[in-house]
Structures are given as structure tokens and as C-alpha cells.
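# Inside the fold
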Amino acid sequence: MSFKVVSSLARRSPAAIGAETSAEGASLGLVKRPRRNRRTEWARRLVRENVLTIDDLIWPLFVIEGKERQTIASMPGVERLSVDDVVREVERAASLDIPAIALFPYIDPALRDAGGTEAMNPHNLLCRTVRAIKAAVPEVGVITDVALDPYTSHGHDGLIADGQILNDETVAVLVEQALTLADAGADVIAPSDMMDGRVGAIRAALDGASFDHVQIMAYAAKYASAFYGPFRDAIGSNTTLVGDKRTYQMDPANGDEALREVALDLEEGADMVMIKPGLPYLDIVHRVKEAFGVPTFAYQVSGEYAMIEGAARNGWISGDKAMMESLIAFKRAGADGVLTYFAPRAAALLKGDRAGG
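The sections below set out a description of the structure shown in this document. Counting starts from 1 at the beginning of each chain's written sequence and moves along it residue by residue. Residues qualify for local features only when their pLDDT is at least 70, as the model is predicted, and side-chain atom pairs are given and counted only at 80 or more; totals for whole chains, interfaces and linings, by contrast, use all residues. For side-chain calculations, the full set of non-hydrogen atoms in the structure is used, while hydrogens and water are omitted.

### Side note on the packing of helix 4 (residues 83-95) against helix 5 (residues 125-136)
- For helices, the fitted line uses only the C-alpha atoms of the stretch in contact; every axis is such a line through C-alpha atoms, and the angle between N-to-C directions lies from 0 to 180 degrees. Helix and strand definitions here come from DSSP, where helices need a minimum of 4 consecutive H or I residues and strands a minimum of 2 consecutive E residues; each element is numbered from the N-terminal end. Put simply, helix 4 and helix 5 touch, their axes get as near as 9 Å, and they point 40° apart. Our classification of the angle between helix 4 and helix 5 gives oblique. Of the two elements, helix 4 crosses helix 5, and the hand of that crossing is right-handed. Contacts between helix 4 and helix 5 involve V83, V86, V87, V90 and E91 from the former and L125, R128, T129, A132, I133 and A136 from the latter. Oblique is the label for any angle not under 35 degrees, not over 145, and not in the 65 to 115 range, which are roughly parallel, roughly antiparallel and roughly perpendicular in turn. The sense of a crossing depends on the near helix, which, turned anticlockwise from the far helix by less than a right angle, makes the crossing left-handed and, turned clockwise, makes it right-handed. By the convention used here, residues are in contact when the closest approach between their heavy atoms is within 4.5 Å.

### Thoughts on a positive patch on the surface
- Within the patch definition used here, like charges are joined within 9 Å and nonpolar side chains (Val, Leu, Ile, Met, Phe, Trp, Tyr) within 5 Å, considering only residues with over 30% relative accessible area and no salt bridge. Only the protein chains shown count as cover for residues, with accessible areas throughout obtained via the Shrake-Rupley method and a probe of 1.4 Å. Whenever Lys or Arg places a side-chain nitrogen within 4 Å of a carboxyl oxygen from Asp or Glu, that contact is recorded as a salt bridge. The convention is simple: Lys and Arg are positive, Asp and Glu are negative, and His and the chain ends are not counted. To locate a charge, take NZ of a lysine, CZ of an arginine, CG of an aspartate or CD of a glutamate. A contiguous patch of positive charge, built from R33, R35, R36 and R38, is present on the exposed surface.
- Within the secondary structure, R38 sits in the loop between helix 2 (14-26) and helix 3 (41-47).

### Side note on a nonpolar patch on the surface
- Judged by side-chain polarity, W42, L46 and V47 come together as a nonpolar surface patch covering roughly 360 Å² of accessible area.
- Looking at the element boundaries, L46 is found in helix 3.

### Thoughts on the pairing of strand 4 (residues 100-106)
- For each residue, the accessible area found with a 1.4 Å probe, counting protein chains only, is set against the maximum for its type, and the residue is called buried under 20%, exposed over 50%, and partly exposed in between. Counting buried residues in strand 4 gives 6 out of 7 residues, a clear majority hidden from the surface.
- As defined by bridge partners, strand 1 (residues 57-64) adjoins strand 4 across 7 bridges and the pair is classed as parallel. Counted as the bridge partner of V63 is P105 from strand 4.
- Two strands pair under a simple rule: DSSP has to find at least two bridges between them. With 4 bridges connecting them, strand 4 and strand 5 (residues 141-146) associate as parallel partners. Residue pairing across strands places I101 opposite V142, the latter belonging to strand 5.
- Orient the strands so they point away from the viewer; a crossover is then right-handed if the path from the first strand over the helix to the second runs clockwise. Of the crossover connections in this fold, the one passing from strand 4 over helix 5 to the parallel strand 5 is right-handed.

### Let's talk about the side chain of S326
- Tracing the sequence through the fold places S326 in helix 12 (residues 319-333).
- Note on S326: relative accessible area 7%, which makes it buried.
- Nitrogen and oxygen atoms within 3.5 Å of one another constitute a polar contact, given that in protein one can donate a hydrogen and the other can accept it, and given that sequence-neighbouring residues count only through two side-chain atoms. Looking at S326, its side chain comes within polar contact range of the main-chain oxygen of M323, at 2.7 Å.
- In contact with S326, other than residues within four places in its own chain, are L279, Q300 and I308.

### Regarding the packing of aromatic side chains
- Stacked, edge-to-face and tilted are the three classes for Phe, Tyr and Trp ring pairs, Trp counted by its six-membered ring, which pair at centre distances within 6.5 Å; planes under 30 degrees apart are stacked, over 60 edge-to-face, the rest tilted. Enumeration over the complete set of coordinates arrives at 9 aromatic pairs.
- Ring geometry for F62 and Y341: centres 5.9 Å apart, planes at 15°, overall stacked. Residue F62 is located in strand 1, and its partner Y341 is located in the loop between strand 12 (337-340) and helix 13 (343-356); the two are separated by 279 residues in the primary sequence. With respect to burial, F62 and Y341 carry one shared label: buried.
- In textbook terms, an aromatic cluster arises when at least three aromatic residues are bridged by ring pairs, as seen for F62, F104, F231, Y299, Y305, Y341 and F342.
- Sitting over a ring, as applied to charges here, requires NZ of Lys or CZ of Arg to be within 6 Å of the ring centre and within 35 degrees of the ring normal. The positively charged end of K276 is found above the aromatic ring belonging to Y299, 4.7 Å away from the centroid.

Structural data, given as C-alpha cells:
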């Protein structure tokens, strides 16, 4: 468009400009106009390809000994909770129709040792929490993490000898941990350690101990990520971790490897698989769902939560809108569900929409 035409338009009224541009648009002769399906809210709803529901949400909770809630500075709005407070929050989850919660313990540093032996204590914090939840709110699913990092003095998910993470020896301990949690009443065992062969060993042990009804949600593709920092603050392993976890967690540069890891876990008896972290790995979520067609979950990890919540609290973004946009992205990628610290907030919004609709 020439300068003279632009100058001429600038001197005309908005109504005149609108009429002229409408006429110009009609002259395009377009048959396909995608904007027609976006023109009204009801039309947008009719053609919407993916929908987030409360059924898609899993709420991770942190539990600690004692009676008082503890704030987690790097996770605004998230707290470590006493056993009693966890039960109350699970009752809240039930009232919001959230189907399941996931538990992570902050273990007293005095109970941590090189072998993570507290993980096998049938009366440990996590086992007591599971029993309390199942006694009070049996209808909510309880997912328990199987890994040694909350229990070890060195902060790793496995046993160490001569500076190396031991695979097979660690798996033997993880099996005992899984049996202990299943006996406490856990509905789902979720091994997050990334040791080779642990899913098969846990499945065989559960079946052999008459826990064949207990499901396994495998952290099948868990990456060595910088987004776990606030979580490690929450369970107290940031200050204890020696070195890094790159010899057992996956390289962020790899995609095909994730498919191999998922295939192995499914062969070994996993009922569901998880990709962690979430938003930076939506391509992996999509590839896994496309390749295997099995129940596929993603973990919107602590760093992802902290970025959104931190920006929202600073007024830089709309918190609720960014939260919901991030969650629908998981569904669009193919996830069947999401572990997210936003679960109660998202559920409350969805429940409100459902009641209003």
C-alpha cells in the first residue's frame, strides 16, 4: 500500500475505513476462512480439540514429621505438611474430585544414611501417611515414590560404592521399599530412580507377595534436569546431594532413548508411564503416546511450577490463565494426566466451570 493511500486512510473515519477494508476483504474471494470457527465462544467450544478435566489431575504433596506446616521458599504456595494436614488436604482433593495424590517425604536428616535404610522401615513417615490417608479417604488413589534420595545421606537415588551408583544392589533395596509401601496400602508404586531392571523386579516381587492389584507408574523417561531444584529443596536433598545424577537420569539431548526406556518398562510390567519434566519435554510425551498408546503421564515439575507462580506473583503474567494454558498443553501433546502442584487450583476452576455449565 502506498504512502498516499495510507495518508488518505488516516484522514478518514474508522467507520469509513472499516467499510472499505471489508469491501477489500470480500474481493479476496476466499472460500476457506479459519477465523469463522473462532468468531464466537460457543463455536470455539464446539471445535475444541482437547479438553482438560479434573480427572486429568494428580496432586503431589510433601509430608514432614511434626504438627506445623513449613513453607518452601522456592515453591510459593506449596508447603511441607504434617501427616494430619496431608489427610486434610486429601479430603480436600476428594471434595474437588481429584482422583489421586502423589506423596513425597521430607525425612529427618538424623534418619538418613548411606544405604537409605529408613526407606524399608514399615513405620517410616511415608508408610504412616499412606495408612492415615487410606483410613480416612480410601476413595482417593495414593501414588508413592520409590527411590532412595529422600533417605540417603548423599542425596542419590541409589547405593554408592567407590563413587559409582550401584544398579543391581540398588534394585534389591527398591524392591523392599516397594513391598513396604504396598503393605502400607499404596495403590500405585512409582519408581523414579531410573535404575535398569527395577520395574521388572518390583513387579515380580509385588505379584509374589499377593500385591498383584498394585499398579506401577514408571518414571520411564526421567531426564537429568535443572528444573528439579525446588523439589530437592522440598525433600531436603539439595544440601546433601553429592555430584549429579547424569549417570542414571537421561541426557536432555536424547529423544529416541526415551522410547527405548519406555519400551523396556512396559515389557517389565509397568501399567503406566511418566515423562519428567513436563513442558520442556512435550515432544517426548507426544512421541511416547504415538508409539505405544498406553496410559502416559507427565510431571509438571517444581521448576516449571515456580516459574509460572513466581512470574504471576510479580504481576508479569496472569497466573490462572498461564496455569491452565500450560496444563492444556500436556493434553494436546497426548498426556492422559498431569502431576501438578496446581491441581487444587485448576480443579477448583474446572469445578466452577462445570457447575456453571
